[in-house]
Amino acid sequence: MQIEFFGAAQEVTGSCHILRVGSGSTQRTVLLDCGMFQGKRSESREKNKRLPVPIDDIDAVILSHAHIDHAGRLPYLVARGYTGTIWATAATRDLCAIMLADSAHIQEKDAEYLARHRDEIIEPLYRMEDATRTQERMVGMPYNKWFDVTDGVRARFTEAGHILGSASVVVEVREGERLKRIIFSGDIGRAGLPIIRDPAPPEDGADVIICESTYGNRDHESVEGARDQLAKVVRDTAARGGRILIPAFAVGRTQELVYDLHTLRRDGKIPEIPIYIDSPLATNATAVFAMHPEAYDQNEELVRRSPNLFDFPMVSFTRDVSESKRLNSMHGPMIIIAASGMAESGRILHHLHYGASDPRNTILIVGFQAEHTLGRRIVEQRPTLRIFGDEVPLTAEVEVLNGYSAHADRSGLLSWLRDVRRHGERDGRGTPTVYLVHGEHSAQEAFATQLRGDGFRTEIPAAGTVVPV
Ligand SMILES: [Zn+2]
Ligand SMILES: [Zn+2]
């Protein structure tokens, strides 16, 4: 068999790897992920239109998790005629229902915008009906249960601890007498993240590991530290009578924050002030979270004790825009969590437009902010922010919490890989070859050097690289 690296190869987005099993007329092709390339619009549009293999050749797709850089092109496969199965965990399948619909909506709106303002006629990558049809192709599987993917190929999901439903994928391939095992890490999360379980490195052992390397060159601050900082920000801002404005990704980060605020309130560490979740996608995602208690971490006290993690007296979910705007005329301390995560679009813009110039308020940054985004300019504490064409003075406090990252850091990735190697050695397998994907150049190089020092054969494949297994 062979692996061809197609996306997230020497970059972070567009996750997609091609497994080819057997040869000639009996060859089978399985895709691991089919994610969206993100970045500069014109470049990524071209990349997103390129199919990894001809549609008729694809026998099955296995999806690690619902993030758009992993799942975002599934509707494009379906739009182009894919009628096979897409395997995922049950929670991933349900998150995809809302996230792919949201993505389709963005594609349609983008195409409309370009037609109206730039006279550019582009066909959206896919439409809402393609996202809906994608859902019909998805089969939700429990964790840790083998399923037959196609002739000679079976797989199972193990907990990746990154977002709800996230999985690493163990693929077992039989070619004649040969049995090979490939482990695809997906995105690996961190121990101690709210709600979801900790990553559980597969106990199967492997010949080859395809491993993410997003933070292969750095270690994070602790999750516990972030929770304490969150409490302090809420207390201090409430004491000033201000509001806490939090730009946050609607899926994952928002639910984690609500959960942590719930915990802090129960423990009496923050005052009782209203919390508004001002994002329709976040509201829908929270409903999906509530549907999947099987994916929660039963070691966490709130999970064990509270029948409803996201519904407590302080919290409300706003649906329509008028409700959202009404928040501006309200007085007293409050917390507003709204998308987008980098404050580039979405309802957070209204709240920043209104609240960034009030020194009683705090803008709380809880995630990575890419260059050239409004979120980044807030982190840099620029004197003014340009929002809706206005120059708004930035006189609110700015606080940055780095401890909420959903990705394993260097130490986490290394210990995950060592665990997988140890399991393999127990079964008499040699040290697996590691192919690093899903990382920027500097992170990949640094991590590869570290892994080689630790005895792993390690490669950083470029897109198009084919390796035999
Ligand atoms: Zn992810
Ligand atoms: Zn990713």
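What counts, and where the lines are drawn
- Residues numbered from 1 in each chain as written.
- Chains lettered and ligands numbered in written order.
- Predicted model: local features only at pLDDT ≥ 70, side-chain atom pairs only at ≥ 80, totals over all residues.
- Heavy atoms only, no water.
- Donors = N, O, S within 2.8 Å, 3.2 Å for Na, K, Ca; no water.
- Tetrahedral: all angles 85-135°; square planar, octahedral: opposite > 155°, others 65-115°.
- Helix = DSSP H or I, 4+ residues; strand = E, 2+ residues; numbered from the N terminus.
- Buried < 20%, exposed > 50% of the residue type's maximum accessible area, 1.4 Å probe, protein only.
- Contact = heavy atoms within 4.5 Å.
- Domains from an automatic or database assignment.
- Buried area = accessible area lost by both parts, 1.4 Å probe.
- Polar contact = N/O pair within 3.5 Å; in protein donor to acceptor, adjacent residues only side chain to side chain.
- Nonpolar A, V, L, I, M, F, W, Y, C, P; charged D, E, K, R; others polar.

Participant: Looking at this model, I keep getting lost on the coordination of the zinc ion (ligand 1). Mind explaining?
Facilitator: Six octahedral donors around a metal ideally sit at 90 or 180 degrees from one another, while four tetrahedral donors ideally sit at 109.5 degrees. Every protein donor of the zinc ion (ligand 1) is accounted for by His65 (NE2), His67 (ND1), His162 (NE2) and Asp187 (OD), and the metal-donor separations fall at 2.2 to 2.4 Å. Between the four donor atoms coordinating the zinc ion (ligand 1), the angles at the centre fall across 91 to 165 degrees, so the site counts as irregular. Sequence positions of the donors to the zinc ion (ligand 1) reduce to the motif H-x1-H-x94-H-x24-D. Separation of the zinc ion (ligand 1) from the zinc ion (ligand 2) amounts to 3.4 Å, with aspartate 187 serving as a shared donor to the pair. Residue histidine 65 is located in the loop between β4 (60–62) and α2 (68–71), and its partner aspartate 187 is located in the loop between β10 (178–184) and β11 (208–212); the two are separated by 122 residues in the primary sequence. When its relative accessible area of 0% is taken as the criterion, histidine 65 is described as buried. Residue classification places aspartate 187 among the buried residues on the basis of a relative accessible area of 2%.

Participant: What am I meant to see in the environment of aspartate 278 here?
Facilitator: Residue placement: aspartate 278 occurs in the loop between β13 (275–277) and α8 (280–291). As a C-alpha pair, aspartate 278 and histidine 351 span 73 residues in sequence and 9.8 Å in three-dimensional space. When residues no more than four places from it in sequence are discounted, the contact partners of aspartate 278 are Thr318, Ser324, Leu327, Ile336, Ile337, Ala338, Ala339, Arg347 and His351.

Participant: When you look at the coordination of the zinc ion (ligand 2) in this model, what are you seeing that I'm missing?
Facilitator: Coordination of the zinc ion (ligand 2) by the protein is provided by Asp69 (OD), His70 (NE2), Asp187 (OD) and His438 (NE2), with metal-donor distances spanning 2.2 to 2.3 Å. Relative to the metal, the four donor atoms surrounding the zinc ion (ligand 2) lie at angles of 87 to 165 degrees, and the coordination shape comes out irregular. Ordering the donors of the zinc ion (ligand 2) by residue number gives the pattern D-H-x116-D-x250-H. Looking at histidine 70, the relative accessible area reads 1%, which means it is buried.

Participant: I keep staring at unusual backbone geometry and nothing clicks. Help me out?
Facilitator: Phi is mostly negative for residues that are not glycine, and the peptide bonds are mostly trans. In this structure, serine 340 follows alanine 339 across a cis peptide bond, with omega equal to 5 degrees. Turning to its location among the elements, serine 340 is positioned in the loop between β15 (334–338) and α11 (348–355). Phi at glutamine 10 takes a positive value of approximately 60 degrees, unusual for a residue other than glycine. Examined against the element boundaries, glutamine 10 turns out to sit in the loop between β1 (2–7) and β2 (16–21). Notably, asparagine 144 is not glycine yet its phi reads approximately 60 degrees, a positive angle.

Participant: Can you walk me through the domain arrangement of the chain in this structure?
Facilitator: A common way to state how big an interface is: give the accessible area lost once the parts meet. You can read the domains of the chain as domain 1 (2–218 + 406–468) and domain 2 (223–400). The straight-line distance from the C-alpha centre of domain 1 to that of domain 2 is 30 Å. Taken together, the 19 residues of domain 1 in the interface contact 24 residues of domain 2. Carbon and sulfur atoms make up 67% of the area that domain 1 and domain 2 hide from each other, which totals about 1,900 Å². Connecting domain 1 to domain 2 are four residue pairs in polar contact (both at pLDDT 80 or more). Split by residue class, the side of domain 1 that touches domain 2 holds 13 nonpolar, one polar and five charged.

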